Protein chains: 2
Amino acid sequence: MVQSDAELRHHTVVVVDVLRATSTIIAALAAGAREVIPVDTVENAVKVAQRIGSDRALLCGERNSVRIEGFHLGNSPQEYTPEVVAGKTLILTTTNGTMALARTHAAGRVFCGSFLNAARLAEAIVGTSSETVTILCAGTHGRFSLDDVYAAGAIVSALLGKAGEATLLDGATAALHLFRTAADDMRGALAASAHGRTLIDLGFGSDLEYCARLDVEDAPVPVLDGSQIRPYIPGTDALLQR
Amino acid sequence: MVQSDAELRHHTVVVVDVLRATSTIIAALAAGAREVIPVDTVENAVKVAQRIGSDRALLCGERNSVRIEGFHLGNSPQEYTPEVVAGKTLILTTTNGTMALARTHAAGRVFCGSFLNAARLAEAIVGTSSETVTILCAGTHGRFSLDDVYAAGAIVSALLGKAGEATLLDGATAALHLFRTAADDMRGALAASAHGRTLIDLGFGSDLEYCARLDVEDAPVPVLDGSQIRPYIPGTDALLQR
């Protein structure tokens, strides 16, 4: 589902890195984080955090699924509790998710999606205007990653539910079929994916359970506004700085 | 499922362009064609045909699904009857399939696969040695194409049946799931794919029916031997010129 910059122009893009960056961003904003700033490298994360100041900034992220040395938080959504993140600016760098976000610079509007917020995301997209929606699966080290495709399918399913009808490209049709085959036991399906197996081996098995939940109550819809990710507020599209 | 050259080295690669290049190659060899020479451009096809001589060579192929002007045959497998192709050398150039074949130059062994020969292909692969198998879906103009993924799933299914067990990467797992959701009505599933719809619009609907048939009797297993594609004969691996 990779598209060129020209194709993404004026599209609504949904970035999906369900294990775990976009699930973590949703968890962080739900827990009251002020904003999430995605950055590409560890060095840049440290620079941005220094500029913002240690009273407000938390360094967050992983390399090879494990918390970066010296960082406050890793990439497990369950670490992002109100006690830790409320009111904070989170500087986040991850292996795949923040790279996918960087690829969206030409898009009209960029949301973060996962199972957690599929229905509310669909509501946000369909509530504004009818247009082309591209779901950008972060993948794993540039490879096709089944976990993200399942979540993309959940989002396609939610969009069809809200929009009534839509033209699906083959990738969206495939994602929808795959989601439907796995929906009854999404935790099991994620555990059978290559990325899921890696996370279980590293001791993050409970994150799969957390991330596999469809439509949790009051899940925010993260939207990229300039360099920052904040909860989307309906009616604010014209104000989004792209 | 795109892999780098280095990753393909020593792999068995199965090229799949089910609508229609690999189905056509299988049909051509089943009808007694001596060999198929895949080439990249119309100009090169004409040059190769001139070198071979008009008594033996037939120019075959399509651009945008339609027979190339001045060529003997298009890319519809149903044109490739014994009356037309028996004993001939077919010079074939297609939009997606021959490009995918060109990407395999680093591979250890290259077969052509489709629904027509899934079981016999699996037999050929498993009968020789246990190794890594990469299924290369040709796609459509560089895009994900659901028709090829269904056929890849049929091949994964056949390989699992022969090999007993195997480690599947996420792409192979996805293809297998998708094949299983569509297997009861593969003609209908192909007709719902983007490429299938295009072929129907161009009047090639009956090709979908032809190509959707799983395991037709005595379907050959085309193998790339140097620059030529010929039916694979078990036990000849050491002789294949790569």
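Along each chain, residues carry numbers from 1 onward, in the same order as the chain's sequence is written. Lettering of chains starts at A and numbering of ligands starts at 1, both following the order in which they are written. At least 70 in pLDDT is required for a residue's local features to be given in this predicted model, at least 80 for side-chain atom pairs to be given and counted, and no such filter applies to totals for whole chains, interfaces and linings, which use all residues. Each side-chain value is worked out from all heavy atoms of the structure, with water and hydrogens disregarded.

Draft legend 1. Examining the overall build of chain A more closely. A run of DSSP states H or I qualifies as a helix once it reaches four residues; a run of E qualifies as a strand once it reaches two. Both are numbered from the N-terminal end. Along chain A, the regular secondary structure elements total 11 helices and 9 strands. To sort residues, take the accessible area from a 1.4 Å probe on protein chains only and compare it with the maximum for the residue type: under 20% means buried, over 50% means exposed, and anything in between is partly exposed. Counting only residues that meet the buried cut, chain A has 55% of its 242 residues in that class. For the accessible areas, the method is Shrake-Rupley and the probe is 1.4 Å, while residue cover comes only from the protein chains on display. Accessible surface, chain A as shown: approximately 10400 Å² in total, 52% of it carbon and sulfur. Note on charges: Lys and Arg go in the positive column, Asp and Glu in the negative column, and His and the chain ends are not counted at all. Charged groups are reduced to one reference atom each: NZ for lysine, CZ for arginine, CG for aspartic acid, CD for glutamic acid. The distance from the centre of the 20 positive side-chain charges to the centre of the 27 negative ones in chain A is 5 Å.

Draft legend 2. The arrangement of the packing of aromatic side chains in detail. Only centres within 6.5 Å qualify two rings of Phe, Tyr or Trp (six-membered ring in Trp) as a pair; their planes then separate them into stacked at under 30 degrees, edge-to-face at over 60, and tilted for everything else. Considering all chains together, one arrives at 2 aromatic pairs over all chains under this definition. Where phenylalanine 111 of chain B meets tyrosine 232 of chain B, the ring centres are 5.3 Å apart and the plane angle is 85°; that geometry is what we call edge-to-face. Here phenylalanine 111 of chain B is found in strand S6 (residues 109–113), whereas its partner tyrosine 232 of chain B is found in the segment after strand S9 (228–231), with 121 residues between them in sequence. The pair phenylalanine 111 of chain B / tyrosine 232 of chain B is uniform in exposure class, with both members buried. Two conditions define a charge sitting above a ring: the NZ of Lys or the CZ of Arg must be within 6 Å of the ring centre, and it must be within 35 degrees of the ring normal. Positioned above the aromatic ring of tyrosine 210 of chain A, the side-chain terminus of arginine 213 of chain A is 4.3 Å from the ring centre.

Draft legend 3. Summary view of the interface of chain B and chain A. Contacts were defined at the residue level, with two residues in contact if any of their heavy atoms lie within 4.5 Å. Between chain B and chain A, the residue contacts involve 20 residues of the former and 20 residues of the latter. In this description, buried area is defined as the sum, over both parts, of the accessible area (probe of 1.4 Å) that is lost when the two are combined. In this assembly, chain B packs against chain A so that about 1500 Å² is buried in total across both faces, 55% of it on carbon and sulfur atoms. Together, Arg143, Phe144 and Asp170 of chain B form the three largest contributors to the area buried by chain B at its contact with chain A, with a combined 37%. The salt bridge criterion pairs a side-chain nitrogen of Lys or Arg with a carboxyl oxygen of Asp or Glu, the two atoms within 4 Å. Where chain B touches chain A, the interface holds 0 salt bridges. Each polar contact in these results corresponds to two N or O atoms within 3.5 Å; when the atoms are within protein, one needs to be able to donate a hydrogen and the other to accept it, and residues that are neighboring in sequence are counted only if both atoms are side-chain atoms. If you look at where chain B meets chain A, you find 4 residue pairs in polar contact (both at pLDDT 80 or more). Those elements that place two or more of their residues in the side of chain B that touches chain A are helix H7 (146–163), helix H8 (170–182) and helix H10 (194–201) of chain B.

Draft legend 4. Quick peek at the packing of H7 of chain B against H8 of chain B. Residue and element names in this part refer to chain B. Following both chains from N to C, one finds H7 and H8 inclined at 100°, their axes separated by 7 Å at the closest point. Classified by the angle their axes make, H7 and H8 are roughly perpendicular. Taken together, the residues of H8 that come into contact with H7 (itself represented by Leu146, Val149, Tyr150, Ala152, Gly153, Ala154, Val156, Ser157 and Leu160) are Ala172, Ala175, Leu176, Leu178, Phe179 and Ala182. Grouping the amino acids of the contact of H7 with H8 by side-chain chemistry returns 13 nonpolar, 2 polar and no charged. As a rule, the C-alpha atoms of each element are fitted with a line to give its axis, helices using only the stretch in contact, and angles between N-to-C directions run from 0 to 180 degrees. Roughly parallel means an angle under 35 degrees; roughly antiparallel means over 145; roughly perpendicular covers 65 to 115; every other angle is labelled oblique. Think of it as three bins: nonpolar holds Ala, Val, Leu, Ile, Met, Phe, Trp, Tyr, Cys and Pro, charged holds Asp, Glu, Lys and Arg, and polar takes everything else, Gly as well.

Draft legend 5. Spotlight on the state of the cysteines. Residues and elements named next belong to chain A. Disulfide assignment relies on a single distance test, namely cysteine sulfur atoms paired within 2.5 Å. Taken as a whole and assessed by the stated rule, the structure comprises 0 disulfides over all chains. For the unlinked cysteine cysteine 60, the closest cysteine sulfur is that of cysteine 112, found at 14 Å. Lacking any disulfide linkage, cysteine 112 is separated from the closest cysteine sulfur, that of cysteine 137, by 13 Å. Judged by its relative accessible area of 1%, cysteine 112 is buried.

Draft legend 6. Local environment of the side chain of threonine 98 of chain A. Looking at the secondary structure, you find threonine 98 of chain A in helix H5 (residues 97–102). Contacts of threonine 98 of chain A, omitting those with residues within four sequence positions, involve Pro38, Val39, Leu92 and Thr93 of chain A.

Draft legend 7. Seen up close, the relation of the copies chain B and chain A. Superposing copies: least-squares fit, C-alpha atoms only, residues required to have pLDDT of at least 70 in both. Mapping chain B onto chain A calls for a rotation angle of 180° and an axial translation of 0.0 Å; the resulting RMSD is 0.0 Å. Considering both components of the superposition, the chain copies are consistent with a two-fold axis. Closest approach to the rotation axis within chain B is made by the C-alpha atom of leucine 178 of chain B, at a distance of 3.3 Å.

Draft legend 8. Highlighting the side chain of threonine 93 of chain B. Structurally, threonine 93 of chain B can be placed in strand S5 (residues 89–93). A distance of 2.8 Å separates a polar atom in the side chain of threonine 93 of chain B from a polar atom in the side chain of arginine 63 of chain B.

Draft legend 9. Summary view of the environment of glycine 113 of chain B. Residues and elements named next belong to chain B. Within the secondary structure, glycine 113 sits in strand S6. Judged by relative accessible area, which is 0%, glycine 113 ranks as buried. Glycine 113 has contacts with Val14, Val15, Val16, Asp17, Thr22, Ile26, Leu121 and Ile155, leaving out every residue within four places of it along the chain.

Draft legend 10. Quick look at helix H2 (residues 21–30) of chain A. All names here are of chain A. In terms of burial, H2 is largely enclosed, as 9 of its 10 residues are buried. Taken residue by residue, H2 has Ala21, Thr22, Ser23, Thr24, Ile25, Ile26, Ala27, Ala28 and Leu29 as its buried positions. Following H2 by one or two positions, glycine 32 has its phi on the positive side, about 95°.

Draft legend 11. Geometry of the pattern of salt bridges. Residue and element names in this part refer to chain A. Inspection of every chain in the model, using the stated rule, returns 14 salt bridges over all chains. For arginine 230, the salt bridge is made with aspartate 225, and the minimal N-O distance between the two is 3.9 Å. Arginine 230 sits in the partly exposed class, given a relative accessible area of 28%. Overlapping salt bridges bring together Arg34, Glu35, Arg56, Asp225 and Arg230 as one network.

Draft legend 12. Main features of the pairing of strand S1 (residues 12–16) of chain A. Residues and elements named next belong to chain A. With respect to burial, S1 is a largely interior element, 5 of its 5 residues being buried. Across the two faces of S1 the burial is the same, with Thr12, Val14 and Val16 and Val13 and Val15 all buried. Here the rule is simple: two strands pair whenever DSSP picks up at least two bridges between them. Inspection of the sheet shows S1 paired to strand S7 (residues 133–137) by 5 bridges, in the parallel sense. Bridging from a neighbouring strand, valine 13 pairs with threonine 134 of S7.

Draft legend 13. Spatial organisation of the environment of valine 110 of chain A. Residue and element names in this part refer to chain A. Mapped onto the secondary structure, valine 110 falls in strand S6 (residues 109–113). Judged by its relative accessible area of 0%, valine 110 falls in the buried class. Considered as a pair, valine 110 and glycine 74 are 36 residues apart in the sequence and their alpha carbons are 23 Å apart.

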